[in-house]
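# Structural characterization, general
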Amino acid sequence: MLGSQHGALLNADPVMLIDGAWRPASDGATIDVTDPATGEVIARCPAATPSDVNVAVEAAHRTLHSAEWRQLGAEGRSTILWRWADLIEANAAELSYLEVRTNGMPGAFADWMINSSVAWLRHFAASALSIHGTNVSDSVSKGGDTYHAFSGKEPVGVCALVIPWNGPTGSFVLKTGPALAAGCTCVIKPAELTPVTAIRLGQLAQEAGLPNGALNIVTGYGTPTGSTLVRHPLVNKVSFTGSTETGRQIGSDAVRDLKRVTLELGGKSPCIVFDDADLETAIPAAAMAIYGNTGQVCFAGSRLFVQRASYDKVLAGIAEFTASLNVGSGLVPQNMIGPLISAKQRDRVLDYVASGLSDGGELVCGGSPLDGNGYFMQPTILANLGSSARAVREEIFGPVLVATPFDEFDEVIGYANDTDYGLGAGIFTRDLSKAHNAARSIRAGNVWVNCYGVLHPSLPFGGFGKSGLGREMGTEGIEAFLETKSTFMKLA
Ligand code: NAP
Ligand code: MG
């Protein structure tokens, strides 16, 4: 339920959370937050200075080594995370509203993301209770001495968490949830375009009883706020979600300093429809694989491959589905396509459409911006582009699908894998063996058969190749915030 009664935080003083206190930037600087559906400035957040970041990291470091944090233990952390999830659930309508106003996403997508975030956080709360090492069942014997030998897990330390604008609440929870469950403390930087839900999540974390300094939120630009944070010498681990370009920079800085690092980056995920697919399932699923959250999803199914005999039918079906999608403000429940996040992002997406057309692509539908002050554009399909076209190779991050026919199984696997990325893949077929063979042959971290974009907190999410390093969710997601220690105790 989306209503302006949930907008109080938009008018609040611009503050961020450092060491349990809500503070403006030390130099008072702020950043305007814009509603992408109207182009209006609707809120402000602090632009954290390097010295603000330093205070936040030092607070996280102090808390990590405090008796209060140690004594909380896994059970205490789990209880707080569970309470936090309950509070997010109780305030879901407000978070959804703020997400729609600041990101522009359709209300149904915002609701899905908030509900999913609650489930993910409960998973992390439960995971805190099952962190364990291994125990060598027979004491190790070496040179006549015997030892009791075991390994254990410890929090990796202070974590720098940097998130993008496309799924603010989801990204916030996917970073802070496992970090806190593992016993780490953290400083998170939301994207400068979408800081408001982060502030609300911070308030709710405090209400849940999280000790001061365990979760710090610094709002600001990539440089200097984000860059100071990830390079800070007291940071032990960096977890980043965003563009491959920024990820490469952050990753190389982290490796130089031997910090632990997880990167969730971009994608150019294929969606494959075989002749034998149930087209009534495949057509809407392949359409929403690209149009979900207005195409601003890292695992968007942005390359469609359809087997020749069904190509015209599937393309016409997706074009018809596209025409049925209302484009407009996410506050209106019927609108399934919202604005792009910014004027700059819309220009970038339209530039890809223009490049596709100049590379010889055919415009099946869409392709134009909408009149008005919001950053809307028509959902767009391009066909008949060669595999070297920029619109086929690069992540567009908007509602633009490129469609290509294929004849043979091996041919389409070749197309699917002809990418630097490897995040997601959709396969539509009724043939079980074909589904298994395709799922095994595609180099991607997440494969969906006869569906698209299903996530579960027990299953790791992440990418091959330039889609990133490491995984979120699943046991891997917690492991990424832990160090392993082996201990040998000599027995007298
Ligand atoms: P981005 O530059 O990768 O930003 C992601 C986050 O990193 C933001 O919080 C950003 O701050 C911060 N950041 C930027 N430079 C940094 C640095 N040197 N050190 C530390 N933090 C830094 O992404 P973007 O500029 O928002 O979007 C650019 C393109 O990236 C999009 O058009 C899209 O193609 C892609 N993208 C992909 C994903 C994904 O999930 N795969 C998500 C978002 C964007 P600011 O917000 O202040 O810049
Ligand atoms: Mg940026």
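Predicted model, so just to flag it, every value in this text is computed and none were measured.

What counts, and at which threshold
- Residues numbered from 1 in each chain as written.
- Chains lettered and ligands numbered in written order.
- Predicted model: local features only at pLDDT ≥ 70, side-chain atom pairs only at ≥ 80, totals over all residues.
- Heavy atoms only, no water.
- Core = buried A, V, L, I, M, F, W, Y, C linked by side-chain atoms within 4.5 Å.
- Buried < 20%, exposed > 50% of the residue type's maximum accessible area, 1.4 Å probe, protein only.
- Contact = heavy atoms within 4.5 Å.
- Helix = DSSP H or I, 4+ residues; strand = E, 2+ residues; numbered from the N terminus.
- Domains from an automatic or database assignment.
- Buried area = accessible area lost by both parts, 1.4 Å probe.
- Salt bridge = Lys/Arg side-chain N within 4 Å of Asp/Glu carboxyl O.
- Polar contact = N/O pair within 3.5 Å; in protein donor to acceptor, adjacent residues only side chain to side chain.
- Pairing = 2+ DSSP bridges.
- Axes fitted to C-alpha atoms, helices over the stretch in contact; angles between N-to-C directions.
- Expected span 1.5 Å × (residues − 1).
- Parallel < 35°, antiparallel > 145°, perpendicular 65-115°, else oblique.
- Left-handed = near helix turned anticlockwise from the far one by under 90°.
- Nonpolar A, V, L, I, M, F, W, Y, C, P; charged D, E, K, R; others polar.
- Near = heavy atom within 4 Å.
- Areas by Shrake-Rupley, 256 points an atom, 1.4 Å probe, with all protein chains shown as cover.

### A closer look at the nonpolar core
- Counting residues in hydrophobic clusters, the biggest one holds 118 residues, and the most contacted among them are Trp84, Ile88 and Leu304.
- Setting aside its immediate chain neighbours within four residues, Leu304 contacts Cys271, Val273, Ala286, Leu315, Ile318, Leu401, Val402, Ala403 and Thr404.
- In this structure, Val349, Leu350, Leu385 and Ala389 belong to the second largest nonpolar core, which totals 15 residues.

### Some details on unusual backbone geometry
- Here the residue pair Thr223 and Pro224 is connected by a cis peptide bond, since its omega of 10° sits within 30 degrees of zero.
- Inspection of the secondary structure assignment puts Pro224 in helix 7 (residues 222–231).
- Residue Asn293 is not a glycine yet carries a positive backbone phi of 50°.
- Along the polypeptide, Asn293 turns up in the loop between helix 9 (279–291) and strand 13 (303–307).
- What makes Asn293 buried here is its relative accessible area of 3%.

### Re the domain arrangement of the protein
- Domains assigned within the protein are domain 1 (4–265 + 467–488) and domain 2 (270–457).
- Domain 1 and domain 2 are separated by 31 Å when their C-alpha centres are compared.
- Here domain 1 and domain 2 share an interface that buries about 2300 Å² over both sides, 65% of which is from carbon and sulfur atoms.
- Where domain 1 packs against domain 2, one counts 0 salt bridges.
- At the junction of domain 1 and domain 2, the tally comes to 8 residue pairs in polar contact (both at pLDDT 80 or more).
- Among the elements of the structure, helix 3 (92–103) and helix 4 (107–127) are those that each provide at least two residues to the side of domain 1 that touches domain 2.

### Let's talk about the sheet that holds strand 6 (residues 145–155)
- Taken together, 3 strands build an open sheet; the order of strands is 5-6-22 and the sheet is antiparallel. Two strands close off the open sheet at either side, each with one partner strand: strand 5 (140–142) and strand 22 (482–491). Sheet twist, expressed as the average angle between the axes of neighbouring strands with direction ignored, equals 35°.
- Strand direction decides the pairing type here: strand 6 and strand 22, joined by 10 bridges, are antiparallel. In the strand pairing of strand 22, Gly152 is matched with Lys485.

### Topic: the pattern of salt bridges
- By the definition in use, this model includes 20 salt bridges.
- For the salt bridge of Glu479 with Lys153, the shortest nitrogen-to-oxygen distance reads 3.1 Å. With Glu479 in helix 15 (residues 474–479) and Lys153 in strand 6, the pair connects residues that are 326 residues apart, well separated along the chain.
- Using a relative accessible area of 24% as the deciding quantity, one classes Lys153 as partly exposed.
- The network of salt bridges with common partners includes Arg231, Asp253, Arg256, Asp257 and Lys259.

### Describing the side chain of Thr419
- If you trace the backbone, Thr419 turns up in the loop between helix 13 (409–417) and strand 19 (424–428).
- Ignoring anything within four residues of it in the chain, the contact list for Thr419 reads Lys268, Arg303 and Arg393.

### Regarding helix 8 (residues 244–256)
- Between its terminal C-alpha atoms helix 8 stretches 18 Å, which fits the 18 Å expected from 13 residues at 1.5 Å a residue.
- Restricting attention to buried positions, one finds in helix 8 the residues Thr244, Gly247, Ile250, Gly251, Asp253 and Ala254.
- Just past helix 8, the residue Leu258 takes up positive phi, approximately 55°.

### Concerning the pairing of strand 4 (residues 41–46)
- In terms of strand pairing, strand 3 (residues 30–34) meets strand 4 through 5 bridges, oriented antiparallel. Residue pairing across strands places Ile31 opposite Cys45, the latter belonging to strand 4.

### Structural notes on the packing of helix 9 against helix 10 (residues 308–323)
- Look at helix 9 against helix 10: their axes get within 9 Å of each other, and the N-to-C directions meet at 55°. One finds that helix 9 runs oblique with respect to helix 10. Once helix 9 is placed against helix 10, the crossing between them reads as right-handed. Across the interface between the two elements, Leu279, Ile283, Pro284, Ala286, Ala287, Met288 and Tyr291 of helix 9 pack against Ser310, Lys313, Val314, Gly317, Ile318, Phe321 and Thr322 of helix 10.
- Its residues assigned to classes, the contact of helix 9 with helix 10 comprises 10 nonpolar, 3 polar and 1 charged.

### Overview of the packing of helix 2 (residues 67–90) against helix 6 (residues 196–207)
- Where helix 2 meets helix 6, the axes come as close as 8 Å, and the angle between the chain directions of the two elements is 130°. With respect to each other, helix 2 and helix 6 are oriented oblique. You can see that helix 2 and helix 6 cross each other, and the crossing is right-handed. The segment helix 2 lies against helix 6, with Trp84, Leu87 and Ile88 engaging Leu201, Leu204, Ala205 and Glu207.
- Residue classes in the contact of helix 2 with helix 6 are distributed as 6 nonpolar, no polar and 1 charged.

### With respect to the site of ligand 1
- If you check the shell around ligand 1, you find 27 residues, and the closest are Ile163, Trp165, Glu192, Gly222 and Ser243.
- Contact between ligand 1 and Ser243: an oxygen atom at 2.7 Å from a side-chain N or O atom of the residue.
- Taking 850 Å² as the accessible area of ligand 1 by itself, protein coverage stands at 86%.
- Sorting the residues of the shell around ligand 1 by element identifies helix 7, strand 10 (237–241), helix 8 and helix 11 (343–358) as the ones contributing at least two each.
- If you tally residues by element for the shell around ligand 1, the top one is helix 7, at 3 residues.
- Split by residue class, the shell around ligand 1 holds 12 nonpolar, 11 polar and 4 charged.
- Residues from two domains meet in the shell around ligand 1; each of domain 1 (4–265 + 467–488) and domain 2 (270–457) gives at least three.

### Side note on the sheet that holds strand 19
- In space, the 7 strands of this open sheet follow the order 16-17-18-13-12-19-20, with mixed pairing throughout. Bordering the open sheet on either side are strand 16 (362–365) and strand 20 (446–449), each of which pairs with just one other strand. Pairwise comparison of adjacent strand axes, ignoring direction, gives a mean angle of 25° for this sheet.
- Relative to strand 20, strand 19 runs parallel, the two being bridged by 4 bridges. When the sheet's bridge partners are listed, Ala425 is paired in strand 20 with Val447.
- Those strands touched by helix 10 are strand 12 (270–273), strand 13, strand 16, strand 17 (380–383) and strand 18 (400–406), and its axis lies near 135° from that of strand 13.

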